[in-house]
Amino acid sequence: MTNVSTSKPWTPDSWQQKKTLQQPTYRDPAALNQAVTALAKLPPLVVSWEVDALRDQLAAAGRGEAFILQGGDCAESLDACSSDRIVSQLKILLQMSLVLTHGLKRPVVRVGRIAGQYAKPRSADTETRDGVTLPCYRGDIVNSAPFDAQSREPDPSLLLRGYERAALTLNFVRSLVDGGFTDLHHPEYWDLDFMRHSPRYEEYRKITDSLADSLTFFEHATGRAMSDTQRIDFYASHEGLLLHYEQAQTRFIQRRGAWYNLSTHLPWIGERTRGLDDGHIEYFRGIANPVAVKVGPTTDAGYLRELCLALNPDNIPGRLSLIHRLGAKQVEEKLPGLIDGIRACGASVVWICDPMHGNTESTKTGVKTRRFDNILAEIEASFRIHAEQGSVLGGVHLEMTGDNVTECTGGARGLSDEDLARAYLSTVDPRLNYEQALEVAMRISRWQNRR
Ligand code: PEP
Ligand code: CO
């Protein structure tokens, strides 16, 4: 049975009895109620068997038999729900997964930060400019970014707008995945226009050519077409931050005897909202989805033990992923203790490395950025430390885009602080651009080949 044991009573709204951080203050409770009720009647965005399939794949990643590639924007905006953005996000994830499969010799499971990544945690509830104080911007599903009273007022009808954009996004992704777009025989479909000018293009091409050769060999040897045997999976994930949204899309599936959050396959709890007695843990403990929790440098083994008991009391493989985001400076010091703590309590977890959020810094002129070398260093150290400890790094979690942005410094083109001004499009955290993202995949493949 996939349900988590709920010895304590649980309902999709029982989190409302708990202290819940990072929620907007809606001025009109009746309007909020109306939006949540309307959302609860709409069809789900994903189905329980997909959710269960992902949990099995996560379990395989935990054993080192598969690898999770989770990536996408820090925050999606409702306006950017466009064909171009979705296609380029899918392309870069497909390209990276191909490179990783080649290097790691394991199936790669693609999980987008997509179709629901609309709510953001913030460091303060309000923002003051020139003596005017307004609610902070919490993501497009809550309010709007411009600094005026109307834009910043949390609007419950945006819950429905977010659901609709998520549905449009997933609909297009599913059509692309089911159609010829993800055909392994034609990786050239995934080329991005500007990619041919990339310093990494030749290397990428060599990998896809050798993959095409292996495919042809397999088909000749077995007399079977690969497309009959291999379907590319693609899953959606987002931070399950705004609990009214998550609650409204939580459905009881009779056949499984369990509650599922059917707004996404893999919801996660962020670093700022993982308090053991708080609303987010309360909500997440009752759903049957695989779930993830971000863990930063203040985490200790005692907390992890309690977390596993709260979210995975039956120790179901694939149910709980821990996404460590420790930063290149602290990963060496902190990660071994976390791995030890999990081993000591015998908990089954899938370890994933987020090399982005522990490596955020500001340039002299106050621009938020991340250095490519620090991102690589944290991933490399994480692979090494897990291996040294007899543990498995089951995946990576990246903020990236298929577009040609300049938000992180470094990489093959050596982007400098000055280059950031050229194409800095993120309204929140800086993302790897397509070239940097592909380079991450190539570096991982090379290290693993060498091992
Ligand atoms: C994020 O993933 O965008 C985020 C806010 O991360 P974290 O919770 O790890 O800080
Ligand atoms: Co972010």
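Residues numbered from 1 in each chain as written. Chains lettered and ligands numbered in written order. Predicted model: local features only at pLDDT ≥ 70, side-chain atom pairs only at ≥ 80, totals over all residues. Heavy atoms only, no water.

*Asks:* Would you take a moment to explain the sheet that holds strand S8 (residues 266–269) for this structure?
*Replies:* Two orientations exist for strands paired in a sheet by backbone hydrogen bonds: parallel and antiparallel. Spatially, 8 strands are ordered S1-S2-S5-S8-S9-S10-S11-S14 in a closed barrel, and the strand pairing comes out parallel. Between one strand axis and the next, the sheet turns by 25° as a mean value, whatever way the strands run. Sheet analysis places strand S9 (residues 291–295) next to strand S10 (residues 320–324), joined by 5 bridges and oriented parallel. From the neighbouring strand, Val 291 faces S10, where its bridge partner is Leu 320. (Pairing = 2+ DSSP bridges. Helix = DSSP H or I, 4+ residues; strand = E, 2+ residues; numbered from the N terminus. Axes fitted to C-alpha atoms, helices over the stretch in contact; angles between N-to-C directions.)

*Asks:* Got a minute to help me understand the coordination of the cobalt ion (ligand 2) in this structure?
*Replies:* In a perfect tetrahedron of four donors around a metal, the angles come out at 109.5 degrees. In a perfect octahedron of six, they are 90 or 180 degrees. Distances from the cobalt ion (ligand 2) to its protein donors, namely Cys 74 (SG), His 357 (NE2), Glu 399 (OE) and Asp 429 (OD), fall within the range 2.1 to 2.4 Å. Taken in sequence order, the residues that donate to the cobalt ion (ligand 2) follow the motif C-x282-H-x41-E-x29-D. Separated by 72 residues along the polypeptide, His 357 in the loop between strand S11 (350–353) and strand S12 (360–362) and Asp 429 in the loop between strand S14 (393–399) and helix H13 (434–450) bring together distant segments of the chain. Given the relative accessible area of 18%, His 357 is considered buried. (Donors = N, O, S within 2.8 Å, 3.2 Å for Na, K, Ca; no water. Buried < 20%, exposed > 50% of the residue type's maximum accessible area, 1.4 Å probe, protein only.)

*Asks:* In this structure, what is going on with helix H11 (residues 331–345)? I would like to understand it.
*Replies:* Each turn of an α-helix holds 3.6 residues, which means side chains three or four residues apart point in the same direction. Spanning 15 residues, H11 covers 21 Å between terminal C-alpha atoms, matching the ideal 21 Å at 1.5 Å per step. Three or more residues of H11 are buried, namely Val 331, Leu 335, Leu 338, Ile 339, Gly 341 and Ile 342. One face of H11 carries all of its buried residues, which in axial projection span an arc of 160°. Of the residues in H11, the exposed ones pointing more than 90 degrees away from the buried face are Glu 333 and Ala 344. (Expected span 1.5 Å × (residues − 1). Arc of directions from axis to C-beta.)

*Asks:* I tried to follow the environment of Glu 333 on my own but got confused; where do I start?
*Replies:* Position of Glu 333 among the secondary structure elements: in helix H11. Using a relative accessible area of 60% as the deciding quantity, one classes Glu 333 as exposed. As for Glu 333 and Pro 297, which are separated by 36 residues in sequence, their C-alpha atoms are 9.3 Å apart.

*Asks:* Can you help me understand the packing of aromatic side chains in this one?
*Replies:* The relation between two aromatic rings is expressed through the spacing of the ring centres and the mutual angle of the planes. Scanning the model with the defined rule gives 5 aromatic pairs in all. Between Trp 10 and Tyr 283, the aromatic rings sit 6.2 Å apart at their centres with planes inclined by 45°, giving tilted as the arrangement. Of the two residues, Trp 10 is situated in the segment before helix H1 (29–41) and Tyr 283 in helix H9 (residues 279–285); the sequence distance between them amounts to 273 residues. Here Trp 10 and Tyr 283 have matching classes, each one buried. Centroid distance Phe 67 to Phe 383: 5.9 Å. Interplanar angle 15°. Geometry classified as stacked. Placement of the pair is Phe 67 in strand S1 (residues 67–72) and Phe 383 in helix H12 (residues 372–388), with a sequence separation of 316 residues. Residue Phe 67 is classed as buried on the basis of its relative accessible area, which comes to 0%. Phe 383 gets classed as buried once you look at its relative accessible area, which sits at 7%. (Phe/Tyr/Trp six-rings, centres within 6.5 Å; stacked < 30°, edge-to-face > 60°.)

*Asks:* Sorry if this is basic, but what is going on with the site of ligand 1 here?
*Replies:* The environment of ligand 1 is formed by Cys 74, Arg 113, Lys 120, Pro 121, Trp 268, Gly 270, Glu 271, Lys 294, Arg 325, His 357 and Glu 399. A distance of 2.7 Å separates an oxygen atom of ligand 1 from a polar atom in the side chain of Lys 120. With respect to ligand 1, the side chain of Lys 294 contributes an N or O atom lying 2.8 Å from an oxygen atom. Contact with the protein chains removes 96% of the 290 Å² of surface that ligand 1 exposes when unbound. Each residue belonging to the shell around ligand 1 can be placed in one class, and the counts come to 3 nonpolar, 2 polar and 6 charged. (Near = heavy atom within 4 Å. Polar contact = N/O pair within 3.5 Å; in protein donor to acceptor, adjacent residues only side chain to side chain. Areas by Shrake-Rupley, 256 points an atom, 1.4 Å probe, with all protein chains shown as cover. Nonpolar A, V, L, I, M, F, W, Y, C, P; charged D, E, K, R; others polar.)

*Asks:* Would you mind going over the side chain of Gln 247 with me for this structure?
*Replies:* Within the secondary structure, Gln 247 sits in helix H8 (residues 243–248). What makes Gln 247 buried here is its relative accessible area of 14%. In this structure the side chain of Gln 247 is engaged in a polar contact, spanning 3.1 Å, whose partner is the side chain of Trp 15. If we ignore the near neighbours within four places in the chain, the residues touching Gln 247 are Pro 12, Asp 13, Trp 15, Gln 16, Val 36 and Tyr 283. (Contact = heavy atoms within 4.5 Å.)

*Asks:* In this structure, what is going on with the pairing of strand S3 (residues 126–129)? I would like to understand it.
*Replies:* Relative to strand S4 (residues 132–135), S3 is paired through 4 bridges, and the arrangement is antiparallel. Residue pairing in the sheet places Arg 129 in a bridge with Val 132 of S4. Between the antiparallel neighbours S3 and S4 lie 2 residues, among them Asp 130 with a positive phi of about 45°.

*Asks:* Would you explain the pairing of strand S5 (residues 234–239) in this entry?
*Replies:* Successive side chains on a regular strand alternate, one facing one side of the sheet and the next facing the other. Burial of S5 is extensive: 6 of the 6 residues sit out of reach of the surface. Neither face of S5 is left uncovered, since the one carrying Phe 234, Ala 236 and His 238 and the one carrying Tyr 235, Ser 237 and Glu 239 both have all their residues buried. Examined bridge by bridge, strand S2 (residues 108–113) and S5 share 4 bridges and lie parallel to one another. Looking at the pairing, Arg 113 lines up with Ser 237 of S5. The sheet contact formed by S5 and S8 spans 3 bridges and is parallel. Across the sheet, the residue bridging to His 238 is Pro 267, located in S8.

*Asks:* What is the right way to look at the environment of Asp 73 in this model?
*Replies:* Position of Asp 73 among the secondary structure elements: in the loop between S1 and helix H3 (83–104). Each C-alpha atom of the pair Asp 73 and Ser 391 lies 29 Å from the other, and the pair is 318 residues apart in sequence. The contacts of Asp 73, once residues within four sequence positions are left out, are Arg 85, Gln 89, Arg 113, Gln 117, Met 400, Thr 401 and Arg 431. In this structure the side chain of Asp 73 is engaged in a polar contact, spanning 2.7 Å, whose partner is the side chain of Arg 431.

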